Structure formats: C-alpha cells, structure tokens
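Chains, contacts and geometry: an overview
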Amino acid sequence: MTLWQLIILASIVCFALKFAGYLIPPALIQRPTPARVANLLTVALLAGLIAVQTFGKGEHLVLDARVSAILAAAGLYALKVPFIVVVIVAAALAAGIRALT
Amino acid sequence: MPETPATRTALRAGVAVGVATAAYGISFGALSVAAGLDVWQTCFLSLVMFTGGSQFAFIGVIAAGGLAAAPSAIASSTLLGSRNVIYALRMSPVVGSGWFTRLAAAHLTIDESVAVSTAQPTLKAQRVGFWMTGLVVFVGWNLTTLVGALIGNLIGDVSAYGLDAAAAAAFLGLLWPRLKQLQAQAVAVLAAVAAALLTPVLTPGVPVLVAAIVAVVFGLTNWLGPKTGDQTAESPPIEGMPS
C-alpha cells in the first residue's frame, strides 16, 4: 500500500464515521455508554501518542530532551498559555538542550 | 436570513472560535511534513479527513512506524474519529434537510462546530453557529495547514529543531481540555503508561491501539465516572482544534 492510498483510505473512513451519524436513528447509540467510550477513546489515544512521542525511539524507550520539553509544555498549559506558543517553546527547549549537550 | 440577537451571537461565536482554532493548522502542517508526508498529502488530509485529532494521530503513527504501520495508522485515526459519530447524531436535527446539506454538514461535524452550536439557545442560532463555525474552521484550517507544510519543508531536519518534541506538546494541547474529570485523568495516565511500556515489545503504532483498551474498559464499566449527570449532554472542549 502506498502512502497516498493509505491517506485516501483513512480520510474516507473518517468521513464515513461523520456521515454515519446522520444516517442512523439517534436512539440507537445516543446513550451514555457509547458516548462515554467515544470520549474516553479520544483521551486514551492522545495520552498513548504523547507517551510514544516523548519516550519512544523506534522500538526503544529513551529519556532525552523531549522529556524536559513535554514537562515544560504541561506547565505552560496549566498556566493557560496559548497552544501555538507552547508548541514553539517545547520545540525551542528541545532544540536548545540538544545544541548544548 | 433574518437576523435576531441569538443568530448574531452565534455568528460572532462561530467566527471567533473558527479563527482561533485555524491557527493550529500551522503546527499540523509542519509536523505532517516532518513525519514524511509531502505538502500535497498534508493538504489532502486537512481537506478530506478534516478532523484534527485523527489527522495528528495518523501522522504520529506514520512518523513512528512509517508505511509498515499502515494498519495502526488507519486504526488510530478511525478510533479518534469515532466521537464524530456522536456529534453527528446530536447535530442531525439541527443542520437542515436534503442530501447535499447533510453531506456538507457531515464534513463540517467537528469539535468546534458542535461546541458552538450546542451552546446556542434557539434552533435557528444553533444552525447558524454550526455552519458558521464549521466553514470558518474549514477555510482557516486548510490555509494554515498549507502554510505550516511549506514552513516544515523549509526547516528540514526534524530533531535538530525539536519538532519531535513539538509533536508531543501538540498532542498534550489536544488532551489538556479533556482532563477535567477524574475518570479522564485516570484513563490518560494508564493509557500513557501502557503505551510506553509496550513500545519495546510491540511493533510501532500498536502500543497506542492497545492503550485504547483502557478507554473501553473504563467506558463500559464507568469506573471512577460521575455517579449522576448525562455526559452526552456535555459540549466538546473547543480549546483544541478540529478533532
């Protein structure tokens, strides 16, 4: 499978999910449990991605400049600093640590 | 359309939220190119997939595992897009009738449009809020994705500039507004620990999917969940991006 085919397939699936919600009768899944699972899936996948992006290097776990960057990012989000600023600071911090070590 | 105070408020909210979140497209564009996609592929994702969380997940898995992680990439973006089904159900009586209208509405069904819509008092204002927010985010998100992708192309080497750390920080920005309840916090911590511990054991992309099991278990049992109150009535957080 080429990257293009993969991108097209994944995009179609995501659109189909949205459209499905307009086709199925609301009573079928508009109940607390499916909604809760859908919301928590978002949380779990994002948290999993953060862990892999922060500690993963191929199939190994490493502690490097990314750890300092994500901790700084968490602190800035807690202080309600805007998203784009936090992302830039995190990148700059990681780059700075790499340049110095 | 005759304007009332309610629809004017909805219009303003839509534009404000749309402009604010569109700015995040820059990060997506730059990180997508860093993950190995070209500018066209990056723009295609924002145009057609158009759901930020899934887009970020997709490029995150590709960055970690390349084409070999294709099944995980599709599974991650699909699972992250699953809440759009719930949003669509909620918007179904709001958006209007007709096939074209509902196809277009489906495409614009994202966190922001649903959040603005559900915050409006009247049906007409809900409809205006949905469409205005969806359209502004769509246009802004795609323009800024292109800008970000072009910047990413110019930058080149990823790790020297800390773009890999930027990706983790961007994911954290999407996650942050969703962590208000204890249940969500517990799921986030356990999912992160599971994904990290499984990284040396499983092929790239799969650890994140296994972490999703944590969500299913908590979701089905409502472990640590609020005792009363209807979570489905809760508006999606809008500090993030179209996701």
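The structure under discussion appears in the preceding block.
Described below are features of the structure shown in this document. Please read all numbers here as calculations on a predicted model, not as lab measurements. (Residues numbered from 1 in each chain as written. Chains lettered and ligands numbered in written order. Predicted model: local features only at pLDDT ≥ 70, side-chain atom pairs only at ≥ 80, totals over all residues. Heavy atoms only, no water.)

Quick look at the overall build of chain B
Within chain B, the regular secondary structure consists of 12 helices and 0 strands. Taken from N to C terminus, the helices and strands of chain B fall in the order α-α-α-α-α-α-α-α-α-α-α-α. In chain B, which comprises 243 residues, the share counted as buried stands at 57%. Taking all contacts inside chain B whose residues are at least 6 apart in sequence as the whole, residues at least 24 apart take part in 78%. Approximately 9400 Å² of chain B is accessible, and the part contributed by carbon and sulfur atoms is 73%. (Helix = DSSP H or I, 4+ residues; strand = E, 2+ residues; numbered from the N terminus. Buried < 20%, exposed > 50% of the residue type's maximum accessible area, 1.4 Å probe, protein only. Contact = heavy atoms within 4.5 Å. Areas by Shrake-Rupley, 256 points an atom, 1.4 Å probe, with all protein chains shown as cover.)

Description of the packing of helix H2 (residues 25–34) of chain B against helix H3 (residues 39–49) of chain B
All names here are of chain B. The N-to-C vectors of H2 and H3 enclose an angle of 135°; their axes lie 9 Å apart at closest approach. Judged by the inter-axis angle, H2 sits oblique to H3. At the point where H2 passes H3, the crossing takes the right-handed sense. Touching Phe28, Gly29, Ser32 and Val33 of H2 are Thr42, Leu45 and Ser46, all from H3. Per-class residue counts for the contact of H2 with H3 are 3 nonpolar, 4 polar and no charged. (Axes fitted to C-alpha atoms, helices over the stretch in contact; angles between N-to-C directions. Parallel < 35°, antiparallel > 145°, perpendicular 65-115°, else oblique. Left-handed = near helix turned anticlockwise from the far one by under 90°. Nonpolar A, V, L, I, M, F, W, Y, C, P; charged D, E, K, R; others polar.)

Some remarks on the pattern of salt bridges
Residues and elements named next belong to chain B. A full pass over the atoms with the stated rule returns 3 salt bridges over all chains. Between Arg83 and Asp111 there is a salt bridge; the shortest N-O distance is 3.1 Å. In this pair, Arg83 sits in helix H6 (residues 83–91) while Asp111 sits in helix H8 (residues 111–118), placing the two residues 28 residues apart along the sequence. One salt bridge connects Arg178 with Asp111, and the closest N-O pair in it is separated by 2.8 Å. Residue Arg178 is found in the loop between helix H10 (163–175) and helix H11 (182–198), and its partner Asp111 is found in helix H8; the two are separated by 67 residues along the sequence. Owing to a relative accessible area of 12%, Arg178 belongs among the buried residues under this scheme. Three or more residues joined by partner-sharing salt bridges are found here, namely Arg83, Asp111 and Arg178. (Salt bridge = Lys/Arg side-chain N within 4 Å of Asp/Glu carboxyl O.)

Some points on the nonpolar core
Grouped together as the largest cluster of nonpolar side chains are 87 residues, with contacts concentrated most on Phe56(B), Phe58(B) and Ile59(B). If you tally residues by element for this core, the top one is helix H3 (residues 32–55) of chain A, at 12 residues. For Phe58(B), the residues in contact, after removing those within four places along its chain, are Leu6(A), Ile7(A), Ala10(A), Leu45(B), Met49(B), Ala73(B) and Ser77(B). (Core = buried A, V, L, I, M, F, W, Y, C linked by side-chain atoms within 4.5 Å.)

Focus on unusual backbone geometry
Residue and element names in this part refer to chain B. A positive phi angle is found at Asn222, which is not glycine, with a value near 55°. When you line up the elements, Asn222 lands in the segment after helix H12 (206–221). Unlike most non-glycine residues, Leu224 shows phi in positive territory, near 65°. Mapped onto the elements of the fold, Leu224 is located in the segment after H12. Looking at Leu224, the relative accessible area reads 38%, which means it is partly exposed.

Quick look at the interface of chain A and chain B
At the interface, 68 residues of chain A touch 96 residues of chain B. Both faces considered, chain A and chain B share a buried interface measuring about 7100 Å² in area, 77% of it formed by carbon and sulfur atoms. At the boundary of chain A and chain B, one finds 0 salt bridges. Linking chain A to chain B there are 8 residue pairs in polar contact (both at pLDDT 80 or more). Sorting the residues of the side of chain A that touches chain B by element identifies helix H1 (3–23), helix H2 (26–29), H3, strand E2 (60–61), helix H4 (65–78) and helix H5 (83–100) of chain A as the ones contributing at least two each. (Buried area = accessible area lost by both parts, 1.4 Å probe. Polar contact = N/O pair within 3.5 Å; in protein donor to acceptor, adjacent residues only side chain to side chain.)

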